[in-house]
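Chain by chain, the residues run as shown.
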Amino acid sequence: MTMTKLCAIRDVPEGEVRQVDLGDGRVLAVYHMDGAFYATDDLCTHGDASLSEGEIEDGRILCPYHLGSFDIRTGEPVAAPCSVAIRTYRVETVGEDVLLAD
Ligand code: FES
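Counting of residues starts from 1 at the beginning of each chain's written sequence and follows it residue by residue. The model is predicted, so local features are restricted to residues of pLDDT at least 70 and side-chain atom pairs to those at 80 or more, both for listing and for counting; the totals for chains, interfaces and linings are taken over all residues. Each side-chain value is derived from all of the structure's non-hydrogen atoms; neither hydrogens nor water enter the calculation.

## Some details on the nonpolar core
Right, on to step 1. Joining through side-chain atoms within 4.5 Å is the link that ties buried Ala, Val, Leu, Ile, Met, Phe, Trp, Tyr and Cys residues into a set, and such a set is a nonpolar core. Classification of residues uses two cut-offs on accessible area relative to the type maximum, computed with a 1.4 Å probe and protein chains only: under 20% is buried, over 50% is exposed, and between them is partly exposed. Within the largest apolar cluster, 14 residues are counted, with the highest numbers of intra-cluster contacts made by Tyr-31, Cys-44, Leu-51, Ile-61, Phe-70 and Ile-72.
Right, on to step 2. Two residues form a contact once any of their heavy atoms are found within 4.5 Å. Filtering out sequence-adjacent residues up to four positions away, Tyr-31 remains in contact with Val-12, Glu-16, Val-17, Ala-36, Phe-37, Tyr-38, Ala-39, Thr-40, Leu-51, Ile-56, Ile-61 and Ile-72.
Right, on to step 3. Residues Val-20, Phe-37, Tyr-89 and Val-98 belong to the second largest nonpolar core, which totals 13 residues.

Next up, the structure:
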């Protein structure tokens, strides 16, 4: 398993989401929600929208373009027009850092 630093814990305040470009073609959205961190692909599966520019609401990320939404923990679509899941990633916090475990 590889651990890749996504950001520092302090970079993503509770209830917010940030874009993290890993520089290898992967661009993720990193969420801080209910005291834990989560990561998904940043690109909406419905169109060319950055989910990190959306709002977190009740465990879901609302896409800024057409207001479809996904469950942040599972990536499953929960509101139209989104119908294809976004990929989720395993995240761990170690010390001051948020790490991607893959
Ligand atoms: Fe995300 Fe349409 S681009 S809901």
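More follows now that the structure is in view.
## Notes on the pattern of salt bridges
Right, on to step 1. Salt bridge, as applied in this entry: a Lys or Arg side-chain nitrogen positioned within 4 Å of an Asp or Glu carboxyl oxygen. This model, assessed by the stated rule, comprises seven salt bridges.
Right, on to step 2. Ionic pairing is found between Arg-26 and Asp-24, a salt bridge with its closest N-O pair at 2.9 Å.
Right, on to step 3. A salt bridge links Asp-102 to Arg-26; the shortest N-O distance between them is 2.8 Å. Taken together, the residues Asp-102 in the segment after strand S10 (97-101) and Arg-26 in the loop between strand S2 (17-21) and strand S3 (27-33) connect sequence positions 76 residues apart.
Right, on to step 4. Assessed through its relative accessible area of 36%, Asp-102 is described here as partly exposed.
Right, on to step 5. Each of Asp-24, Arg-26 and Asp-102 takes part in a single network of salt bridges with overlapping partners. Going along the chain from the N terminus, every DSSP run of H or I of four or more residues is numbered as a helix, and every run of E of two or more is numbered as a strand.

## Considerations on the sheet that holds S3
Right, on to step 1. Whether two strands pair comes down to DSSP finding at least two bridges between them. A sheet is described by the order of its strands in space; here six strands give the open sequence S1-S10-S9-S4-S3-S2, paired in antiparallel fashion. Across the chains shown, the open sheet's two edge strands, defined by having one partner strand only, are strand S1 (3-8) and S2. The average undirected angle you get between the axes of adjacent strands in this sheet is 30 degrees.
Right, on to step 2. Pairing analysis gives five bridges linking S2 to S3, with the strands arranged antiparallel. The residue bridging Asp-21 from the neighbouring strand is Val-27, located in S3. Helix axes are fitted only over the stretch in contact, all axes being lines through C-alpha atoms; the angle between N-to-C directions runs from 0 to 180 degrees.

## Focus on the pairing of strand S9 (residues 88-94)
Right, on to step 1. Here strand S4 (residues 36-41) pairs with S9 via two bridges, running antiparallel. Across the sheet, Ala-39 pairs through a bridge with Tyr-89, a residue of S9.
Right, on to step 2. By the bridge criterion, five bridges tie S9 to S10 in an arrangement that is antiparallel. Across the sheet, Thr-93 pairs through a bridge with Val-98, a residue of S10.
Right, on to step 3. Linkage of S9 to S10, two consecutive antiparallel strands, is achieved through a turn of two residues, within which Gly-95 is found at a positive phi near 60 degrees.

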